[in-house]
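Geometric and topological summary
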Number of protein chains: 2
Amino acid sequence: MKAEIISIGTELLLGHILNTNAQFLSQQLSILGIDLYFQTSVGDNRERLMQALDIAFNRADIVITTGGLGPTDDDLTRQTIADFFNINLSLHNESLGQIKDYLKKRNRPFTPNNYSQAMFPEEALILPNDNGTAPGFMLKRDKHLFISFPGPPNELKPMFLNHVKDKLMGLSNEIIYSWLVKTYGVGESQLEEILKDLFTSQSNPTLASLVAGGYVNIRITAKAMNEQDAYSLMEPMLKTIKSRLGDAVFGYNDDSLESVVVSLLKEKGYRLAVAESCTGGKVSDLITKVAGASEVFMEGLVTYSNEAKIKRLKVKEETIKQFGAVSQQTAMEMAEGVRRELDTDIGISTTGIAGPGGGSKEKPVGLVYLAIASRERQMVKRAYFTGNRSSIKHSASNELLNLLRLHLIKR
Amino acid sequence: MKAEIISIGTELLLGHILNTNAQFLSQQLSILGIDLYFQTSVGDNRERLMQALDIAFNRADIVITTGGLGPTDDDLTRQTIADFFNINLSLHNESLGQIKDYLKKRNRPFTPNNYSQAMFPEEALILPNDNGTAPGFMLKRDKHLFISFPGPPNELKPMFLNHVKDKLMGLSNEIIYSWLVKTYGVGESQLEEILKDLFTSQSNPTLASLVAGGYVNIRITAKAMNEQDAYSLMEPMLKTIKSRLGDAVFGYNDDSLESVVVSLLKEKGYRLAVAESCTGGKVSDLITKVAGASEVFMEGLVTYSNEAKIKRLKVKEETIKQFGAVSQQTAMEMAEGVRRELDTDIGISTTGIAGPGGGSKEKPVGLVYLAIASRERQMVKRAYFTGNRSSIKHSASNELLNLLRLHLIKR
């Protein structure tokens, strides 16, 4: 079973956006055991889209397009597909209703060109869009399957997972089953050294390492008839990796440092308070992205100014005078202060220089102090991160979450 | 002058990596005024690479490949290209020396398979690699130009900028110059209605709309001899768009709602305090991503629990009892409370239901109240957002930043 992806949108050809849809769909197809031999990107141009469709249908069983389902004149996918298969477009009333509801809920007017988004090739199976006005659609033609998704990733992903994935299952008699081992704190090359033999010797399952969002992930991929068989193929591998990497392995698949931290806090019945300076709310944002975080996350204080650190966290004025706001001592007093002031089990803090300005020889941009205070013990770490302001904030937040994780599993 | 990009690597087809090379090269070609109509990704497979090359050379003047120049057996680009053009590979001694030097400098062994990286099609112009062992190469054939880059972005980018870009200049006597008009609060379809005539009537500059990160952006693209001419072509268009969309236009190109808000606060010398419930720190995080935010951002409080809202922000217990934590009244008292408690010029707040749990008929997941309190006036908005927990947090944060922006330009 061979699939091909056609990404539609001039913004891709101008390099205005990164093609994350192609990556997402490729990962999903691989999980389903469907071979993908080509990805093509083409602009909002009828003739060239026709050309791309023609090539794709000549070499693939399943052709998937993304983009071009918007309400505007440069959104050509619906009409071009209809013409390609020589079938008519007809109005899908249910979709029309959903589009009107969607716009109404957001107090946006329904405009005439929204009609076009409810027009689909006859015989098409409509894929509802829970996050936008552009439904997708599936079409069977001869031996071919055609699937059309909207361009925005937050619309495409749920549409695939909720309405398409199960329809594609079983199209292949073998599944490709992937597991991600999530690690933090070990560099990619170092990790590949530690696991060198596994990376080279294996054919099924296979291993690959990928860096994503500050983590180093190890992807284990097994081919088998079903998930159970695939899992038993990779289980010994999982054990070996865990035994060699130890606590650097923080979770699997969808786990994140914040989700693991929230689970650990729940387990132990601890309440957390956060005091952030240079990370500016990123740590609280990450933790509160975890559903149910409110059970353990009491409060977060973004004490950016010295004034706020002193007034809100009771950091000593002399401490800041003597050692500076970016110092081990201030970080420690921030964590201890927020814990005490909010009367929680644990307090954590960040203070550093996110840049681009404010750096010096002794305290360069990227220098961050991270502290953890519980009733029993306290610890502070000096760390240094490279990158721009935004990535320094993110790296520092990950580092603190990992320290908290280690703190929680150690006790 | 038409170009086409072929990205080579099975890791792309498995979705293990994101194709940032295609985006980088697309941006560069567009700056150079070279049209790009197709991007193709293909695996490390000789037959299918041949197929992709055949298609590309039939419709483009310049074909650019990335990847497949490594030392291992699955790196097929050099040999496949030679076979495609039916010319021989020969050893390039200068490159061989550079590869040996590169490895020696890093105490890495020179292995026999590194020889293959110094083998190139005869007549090829070699592109030195300052950051790895894989040189690239250029080849003129009939009227066609072929360019082959290594896959790692940190090797490809400097190679393009230092050794290729100037050779491509002047192949086209035009540049393609793009501007983004950033808008918020007007749906894409509504926006297209308002600007319909511009979208349809224009050939140079051309208009396109794209949704990204919660904004609707309008891309204006002009072809001209130089940037000045291009800008004067788009200037009247920029004026028309601004006059029709008014305050929905919040900025241009790299502007974000948060960067605009920070500039406005600086302009007016206002100090800001933030009280967040459902957004959990996201608003503070966005604002503090802006360099220099510390001048105007005093403090952010993530008051997740009712207790914190009452203790920290002096929200009345009866208010929460009577109307609930997610209510217009609570949002208003949060904004006014954080402004008063921190003695700032402006206080802003969010309270809502980010989900997945906690929703009800009257107060469904996605319901958010956003409030702004200044010394002179207060306002609160009821909004409703769809999507998952994370996107609801982000949408609500954008909405609040936009309300603050409007509040600041109105006074």
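Residues numbered from 1 in each chain as written. Chains lettered and ligands numbered in written order. Predicted model: local features only at pLDDT ≥ 70, side-chain atom pairs only at ≥ 80, totals over all residues. Heavy atoms only, no water.

**Notes on the sheet that holds strand β11 (residues 215-224) of chain B**
All names here are of chain B. Condition: In this description, strands pair whenever DSSP reports at least two bridges between them. Helix and strand definitions follow DSSP, with helices as H or I runs of at least four residues and strands as E runs of at least two, each counted in order from the N terminus. Geometry is summarised by axes, namely lines fitted to C-alpha atoms with helices restricted to the contacting stretch, and by angles between N-to-C directions that run from 0 to 180 degrees.
Within the open sheet, the four strands sit side by side as β10-β11-β9-β12. Their pairing is antiparallel. Single-partner strands in this sheet number two, and they are β10 (206-212) and β12 (249-252). Mean inter-strand twist for the sheet, computed between neighbouring axes without regard to direction, equals 30 degrees.

**Some points on the packing of aromatic side chains**
Which entries qualify depends on this criterion: Note on aromatic contacts: the rings of Phe and Tyr and the six-membered ring of Trp form a pair at centre separations within 6.5 Å, being stacked when their planes are under 30 degrees apart, edge-to-face when over 60 apart, and tilted otherwise. Throughout this description, buried means an accessible area under 20% of the type-specific maximum (1.4 Å probe, protein chains only), exposed means over 50%, and partly exposed covers the range between.
Inspection of every chain in the model, using the stated rule, returns 28 aromatic pairs over all chains. Ring geometry for A:Phe137 against A:Phe146: centres 5.8 Å apart, planes inclined by 45 degrees, an arrangement best described as tilted. Look at A:Phe146 and you get buried, because its relative accessible area is 0%. A centroid spacing of 5.4 Å and a plane angle of 55 degrees characterise the contact between B:Trp179 and B:Tyr231, whose relative ring orientation is tilted. Taken together, the positions of B:Trp179 in strand β9 (residues 175-183) and B:Tyr231 in helix α9 (residues 227-245) put the pair 52 residues apart, joining distant regions of the chain. On the basis of relative accessibility, which here comes to 17%, the residue B:Trp179 falls in the buried class. These aromatic residues form a ring-pair network of at least three members: A:Phe57, A:Phe84, A:Phe85, A:Phe120, A:Phe137 and A:Phe146.

**Topic: the interface of chain A and chain B**
Heads up, the rule is: Here, two residues are considered to be in contact whenever any of their heavy atoms come within 4.5 Å of each other. Here the quantity called buried area is the total loss of accessible area, with a 1.4 Å probe, experienced by two parts when brought into contact, counted for both. Between Lys or Arg on one side and Asp or Glu on the other, a salt bridge is scored when a side-chain nitrogen of the former is within 4 Å of a carboxyl oxygen of the latter. N or O atoms closer than or at 3.5 Å make up a polar contact, with two conditions inside protein: a donor-capable atom paired with an acceptor-capable one, and, for residues adjacent in sequence, both atoms drawn from side chains. Amino acids outside the nonpolar list (Ala, Val, Leu, Ile, Met, Phe, Trp, Tyr, Cys, Pro) and the charged list (Asp, Glu, Lys, Arg) are all regarded as polar, and Gly is one of them.
On the chain B side, the residues contacting the 78 residues of chain A number 76 residues. Summed over both partners, the interface of chain A with chain B comes to about 6,400 Å²; 53% of that surface belongs to carbon and sulfur atoms. Applying the counting rule to chain A against chain B returns six salt bridges. A salt bridge links A:Lys393 to B:Asp285, with the nearest nitrogen and oxygen atoms 2.8 Å apart. Linking chain A with chain B are 35 residue pairs in polar contact (both at pLDDT 80 or more), by the criterion used here. When the residues that make up the side of chain A that touches chain B are grouped by side-chain class, the tally is 27 nonpolar, 30 polar and 21 charged.

**Description of the confidence of the model for chain A**
The line we're drawing: Scored between 0 and 100, pLDDT is the confidence that the predictor attaches to each residue.
Put simply, chain A has an average pLDDT of 92, and 100% of its residues get 70 or more. Per the prediction output, this complex has pTM 0.77; the corresponding ipTM is 0.76.

**Describing the nonpolar core**
All names here are of chain A. Definition in use: By convention a nonpolar core is built from buried Ala, Val, Leu, Ile, Met, Phe, Trp, Tyr and Cys residues, the set being connected through side-chain atoms within 4.5 Å. Residue ranges labeled as domains rest on an automatic or database domain assignment.
Membership of the largest hydrophobic core comes to 37 residues, with the highest contact counts inside it found for Leu265, Leu272, Ile287, Ile346, Ile348 and Leu404. Elements represented by at least two residues in this core include exactly α10 (257-268), β13 (272-276), α11 (282-288), β15 (346-352), β16 (367-374) and α15 (389-410). Of the residues forming this core, the biggest block, seven residues, is contributed by α15. Mapped onto the domain boundaries, this core takes at least three residues apiece from domain 2 (175-252) and domain 3 (257-409).

**Observations regarding the pairing of strand β2 (residues 35-42) of chain B**
Burial of β2(B) is extensive: seven of the eight residues sit out of reach of the surface. Two strands pair when backbone bridges link them, and strand β2 (residues 35-42) of chain A and β2(B) are joined in this way by five bridges, in the antiparallel orientation. Residue pairing in the sheet places A:Gln39 in a bridge with B:Ser41 of β2(B). Of the pairings in the sheet, the one linking strand β1 (residues 2-8) of chain B to β2(B) comprises seven bridges and is parallel in character. Directly across from B:Ile8, in β2(B), lies its bridge partner B:Val42.

**Regarding the sheet that holds strand β8 (residues 144-149) of chain A**
The strand order β6(A)-β7(A)-β8(A)-β3(A)-β1(A)-β2(A)-β2(B)-β1(B)-β3(B)-β8(B)-β7(B)-β6(B) describes an open sheet built from 12 strands, whose pairing is mixed. The sheet is open, and its two edges are formed by β6 (125-127) of chain A together with β6 (125-127) of chain B, each paired on a single side. Strand after strand, the sheet turns through a mean of 15 degrees between neighbouring axes, direction not considered. Where strand β7 (residues 136-141) of chain B and strand β8 (residues 144-149) of chain B come together, five bridges link them in antiparallel fashion. Bridging across to β8(B), B:Leu139 finds its partner in B:Phe146. Packing against the sheet, helix α3 (residues 46-59) of chain A makes contact with β1 (2-8), β2, β3 (62-66) and β8 of chain A together with β2 of chain B, and its axis sits at approximately 170 degrees to β1(A).

**As for the packing of α3(A) against helix α3 (residues 46-59) of chain B**
Stated formally: Orientation labels follow simple angle bins: below 35 degrees gives roughly parallel, above 145 gives roughly antiparallel, 65 to 115 gives roughly perpendicular, and whatever is left gives oblique. Take the far helix as your reference; a near helix turned counterclockwise from it by less than a right angle gives a left-handed crossing, and one turned clockwise gives a right-handed crossing.
As a packed pair, α3(A) and α3(B) sit with axes 14 Å apart at the nearest point and diverge in direction by 160 degrees. For the element pair α3(A) / α3(B), the angle class is roughly antiparallel. Handedness of the α3(A)/α3(B) crossing: right-handed. Contacts from A:Gln51, A:Ile55 and A:Arg59 in α3(A) reach B:Gln51, B:Ile55 and B:Arg59 in α3(B). A per-class count over the contact of α3(A) with α3(B) returns two nonpolar, two polar and two charged.

**Here we look at helix α14 (residues 328-342) of chain B**
All names here are of chain B. How we decide: Each helix should span, by expectation, one fewer than its residue count multiplied by 1.5 Å.
Compared with the 21 Å implied by 1.5 Å per residue over 15 residues, the 21 Å span of α14 between its first and last C-alpha is a close match. Within α14, 11 of the 15 residues are buried, which leaves the element mostly enclosed by the surrounding structure. What α14 keeps buried is the set Thr330, Ala331, Met332, Glu333, Met334, Ala335, Glu336, Gly337, Val338, Arg339 and Leu342. Directly beyond the C-terminal end of α14, a positive phi value near 50 degrees is found at Asp343.

**Notes on the pattern of salt bridges**
Where charged atoms from two side chains of opposite charge come close, those side chains can pair. Taken as a whole and judged by the stated rule, the model has 37 salt bridges over all chains. A salt bridge links A:Glu123 to A:Arg141, with the nearest nitrogen and oxygen atoms 3.1 Å apart. Placement of the pair is A:Glu123 in the loop between β5 (119-121) and β6 and A:Arg141 in strand β7 (residues 136-141), with a sequence separation of 18 residues. The exposed category is assigned to A:Glu123, whose relative accessible area is 56%. Classification of A:Arg141 by relative accessible area gives partly exposed; the value is 21%. A network of salt bridges, in which partner residues are shared, links A:Lys282, A:Lys393, B:Asp285 and B:Lys289.

**Observations regarding the side chain of B:Lys282**
With respect to the helices and strands, the residue B:Lys282 is situated in helix α11 (residues 282-288). With residues near it in sequence (within four places) discarded, B:Lys282 still touches A:Asp285, A:Lys289, B:Glu276, B:Lys393, B:His394 and B:Ser397.

**A short note on the environment of B:Glu193**
Residue position: B:Glu193 is located in helix α7 (residues 188-194). According to the relative accessible area criterion, B:Glu193 is partly exposed, its value standing at 27%. Excluding its chain neighbours within four sequence positions, the residues that come into contact with B:Glu193 are A:Thr111, A:Pro112 and A:Asn113.

**Quick notes on the pairing of β10(B)**
Residues and elements named next belong to chain B. In this structure, β10 lies alongside β11, joined through seven bridges in antiparallel fashion. Across the sheet, the residue bridging to Val211 is Val216, located in β11. A loop of two residues connects β10 with β11, the two strands running antiparallel in sequence, and Gly213 in this loop sits at a positive phi of about 55 degrees.

**Points about the environment of A:Tyr252**
Tracing the backbone through its elements, the reader meets A:Tyr252 in strand β12 (residues 249-252). Exposure remark for A:Tyr252: the relative accessible area of 26% places this residue in the partly exposed category.

**Digging into the domain arrangement of chain A**
All names here are of chain A. Domain annotation of chain A identifies domain 1 (2-168), domain 2 (175-252) and domain 3 (257-409). Each of domain 1 and domain 2 has a C-alpha centre, and these two points are 33 Å apart. Each side of the interface is counted separately: domain 1 has five residues, and domain 2 has four residues. Across the domain 1 to domain 2 interface the summed buried area is about 360 Å²; carbon plus sulfur atoms make up 48%. Counting the contacts that link domain 1 with domain 2 gives zero salt bridges. Its residues assigned to classes, the side of domain 1 that touches domain 2 shows two nonpolar, three polar and no charged.

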